[in-house]
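# Examination of the molecular architecture
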Amino acid sequence: MKKIIILGATGSIGKNTLSVIRSNRDDFSIAAISAHTNEEKLLKCAHEFNISHLCLSGKKPDSDHIDYTGEKGLLQMIEETEADIVVNGIAGSSGLLPSTAALRSGKHLALANKETIVMAGRLINELAHKNRVNLLPVDSEHSAVFQLLRNKKQEEIAEIILTASGGPFRKTAVDDFKNITLRDALKHPTWSMGRKISIDSATMANKGLEVIEAHELFNIKAKNIKVLIHPESMVHSLIRTLDGEMYAQISSPDMRIPIQNALTYPDIKYSTFGFLDLAQSSLSFYNPDKERFPLLFLAYQALELEGSYPLAFNAANEIAVNAFLRGNIGFTAIHQTVMEALNADWSLQAETLDSVMKIDRAVRTHTAGIVKRLTEL
Ligand code: NDP
Ligand code: MG
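The structure contained in this document is the topic of the report that follows. What you see is a predicted model, and the numbers here were worked out from it, not measured in a lab.

## Brief notes about the site of ligand 1
Thr10, Thr37, Asn38, Glu115 and Gly194 are the nearest of the 24 residues found near ligand 1. Contact distances for ligand 1 include 3.0 Å between a nitrogen atom and a side-chain N or O atom of Ser94. With respect to ligand 1, the side chain of Glu115 contributes an N or O atom lying 2.8 Å from an oxygen atom. For ligand 1, the accessible surface in isolation is 900 Å², of which the surrounding protein chains cover 84%. For the shell around ligand 1, the elements supplying multiple residues, two or more each, are α1 (12–23) and α5 (114–130). Residues belonging to the shell around ligand 1 are distributed by class as follows: nine nonpolar, twelve polar and three charged.

Here it is as structure tokens:
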């Protein structure tokens with residue numbers, strides 16, 4: 001039986017992970033879970049699965065059943081708890097240090113938190129290698145590519161094609177983007193996810209982060225990573241080999257499938273989540289355009305500029321999305337803010353985790369200044 005730690009157990013990825021474990025009680029047990037502020041849900045989940053190691057990282061708990069608190073407590077829980085796999089479902093850049101704690105303590109990492117890879121891809125790959133543990137992508141597109149690459153040699157791969165639903169505004173006239181409200185932007189057509197990633201899906205900054213994530217995870221140049229809009233969200237990604245053949249991973253849009261695959265790796269187990277009936281489906285694909293989704297193209301630029309530009313793209317976008325979520329800036333100002341933040345010099349490459357954190361903080365301060373100016377306009 002594999003022992004699992006779930007970070008961000010009260011979020012969307014957390015909920016899906018719990019559902020996978022509920023359906024496979026003989027294969028998995030939960031050793032520890034974390035939440036940031038939702039103490040009630042954390043305790044409910046601990047009760048259902050009889051979990052003794054609990055962490056509330058964002059506020060002082062009322063219950064004395066919670067042994068670990070704060071950011072430090074979270075890292076300590078990950079290191080001290082005996083487990084095989086850590087599922088990282090924390091939202092945003094706060095997921096980075098917990099990922100490093102998991103790898104350092106010799107646990108496999110099932111990674112939904114894409115920020116970990118975008119911020120420190122090279123260092124994370126090195127840590128996994130050094131500690132002889134697996135980095136298992138949970139992001140549906142990367143899980144798809146990971147499965148597709150299992151029987152292929154690196155030198156046979158010509159291209160990775162990430163699919164994107166196109167979000168709620170793939171058909172909205174670009175002139176109307178200025179009228180988009182928070183409610184409109186949170187309504188994703190095919191996936192139910194946390195607030196930050198839902199906004200990123202609407203701007204396609206999420207796909208931009210995923211291009212960077214694919215580059216780091218699979219060691220593929222940016223020019224060989226393509227994005228196709230596929231509104232049905234059934235083909236989760238494709239690869240093209242040198243001979244021109246293409247291979248696709250197809251399944252229903254259900255995060256429990258990539259989560260289960262990460263937990264059962266290297267095995268593939270029976271799924272109780274239903275099967276896709278292709279006879280009832282039609283699949284369509286088209287190219288994203290620059291005017292509608294400028295943040296996707298900005299992510300490519302950040303990747304080509306190298307240095308700390310990908311890190312800066314992530315941090316600036318996080319600040320801009322938070323400002324939009326709080327109602328401080330409009331939808332189109334998210335792109336404006338990130339573009340302006342990337343005009344500063346972020347060419348210095350971060351060689352250590354400390355310098356990643358330092359540059360990340362500098363980008364955030366710089367971007368907060370841009371947001372403040374836009375708010376005062
Ligand atoms: P949610 O917002 O639904 O959940 C976030 C979880 O992280 C909650 O448990 C929350 O606790 C906890 N959390 C929030 N802030 C912090 C913090 N500062 N420190 C520690 N824990 C924190 O997010 P999602 O589940 O949607 O996304 C999680 C990650 O997975 C993101 O990186 C996202 O990009 C990625 N992802 C998500 C997908 C999805 O389908 N949702 C698909 C692919 C990738 P609390 O409830 O107490 O606030
Ligand atoms: Mg994804």
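## Some words on the packing of helix α12 (residues 309–325) against helix α13 (residues 332–342)
Where α12 contacts α13, the axes come no closer than 9 Å and their chain directions differ by 145°. Between α12 and α13 lies a crossing of right-handed hand. Where α12 abuts α13, its residues Tyr309, Ala312, Phe313, Ala316, Asn317, Ala320, Val321 and Phe324 lie against Ile334, Thr337, Val338, Ala341 and Leu342. By residue class, the composition of the contact of α12 with α13 is eleven nonpolar, two polar and no charged.

## Quick notes on a nonpolar patch on the surface
Where nonpolar side chains cluster on the molecular surface, the patch consists of Ile250, Leu278, Leu283 and Phe285 and spans about 320 Å² of accessible area. Counting through the fold element by element, Leu283 comes out in the loop between α10 (256–264) and α11 (294–305).

## Quick notes on empty space enclosed by the protein
Counted by the stated rule, this structure contains one cavity of 30 Å³ or more. When its volume is computed, the largest cavity comes out at roughly 40 Å³. Lining the largest cavity, in full, are Leu136, Pro137, Ser143, Phe146, Gln147, Pro258, Asn261 and Ala262. Of all elements in the fold, only β7 (135–137), α6 (140–148) and α10 reach the threshold of two or more residues within the lining of the largest cavity. Of the residues belonging to the lining of the largest cavity, the class tally is five nonpolar, three polar and no charged.

## Examining α10
Most of α10 sits out of view: eight of its nine residues are buried. Considered for burial, the residues of α10 that qualify are Ile257, Pro258, Ile259, Gln260, Asn261, Ala262, Leu263 and Thr264.

## Points about the packing of helix α8 (residues 195–203) against α12
Here α8 crosses α12 at 100°, and the two axes come no closer than 10 Å. Classified by the interaxial angle, the pair formed by α8 and α12 is roughly perpendicular. The segment α8 lies against α12, with Arg195, Lys196, Ile199 and Asp200 engaging Asn317, Glu318, Val321, Phe324 and Leu325.

Rules of the game
Residues numbered from 1 in each chain as written. Chains lettered and ligands numbered in written order. Predicted model: local features only at pLDDT ≥ 70, side-chain atom pairs only at ≥ 80, totals over all residues. Heavy atoms only, no water. Near = heavy atom within 4 Å. Polar contact = N/O pair within 3.5 Å; in protein donor to acceptor, adjacent residues only side chain to side chain. Areas by Shrake-Rupley, 256 points an atom, 1.4 Å probe, with all protein chains shown as cover. Helix = DSSP H or I, 4+ residues; strand = E, 2+ residues; numbered from the N terminus. Nonpolar A, V, L, I, M, F, W, Y, C, P; charged D, E, K, R; others polar. Axes fitted to C-alpha atoms, helices over the stretch in contact; angles between N-to-C directions. Left-handed = near helix turned anticlockwise from the far one by under 90°. Contact = heavy atoms within 4.5 Å. Patch = residues over 30% accessible without salt bridge, like charges linked within 9 Å, V, L, I, M, F, W, Y side chains within 5 Å. Salt bridge = Lys/Arg side-chain N within 4 Å of Asp/Glu carboxyl O. 1 Å grid on protein atoms, 1.4 Å probe; cavity = no way out; pocket = protein on both sides within 12 Å on 5 of 7 lines; lining within 4 Å. Points joined across faces, edges and corners; volume = space filled by probe spheres on them. Buried < 20%, exposed > 50% of the residue type's maximum accessible area, 1.4 Å probe, protein only. Parallel < 35°, antiparallel > 145°, perpendicular 65-115°, else oblique.

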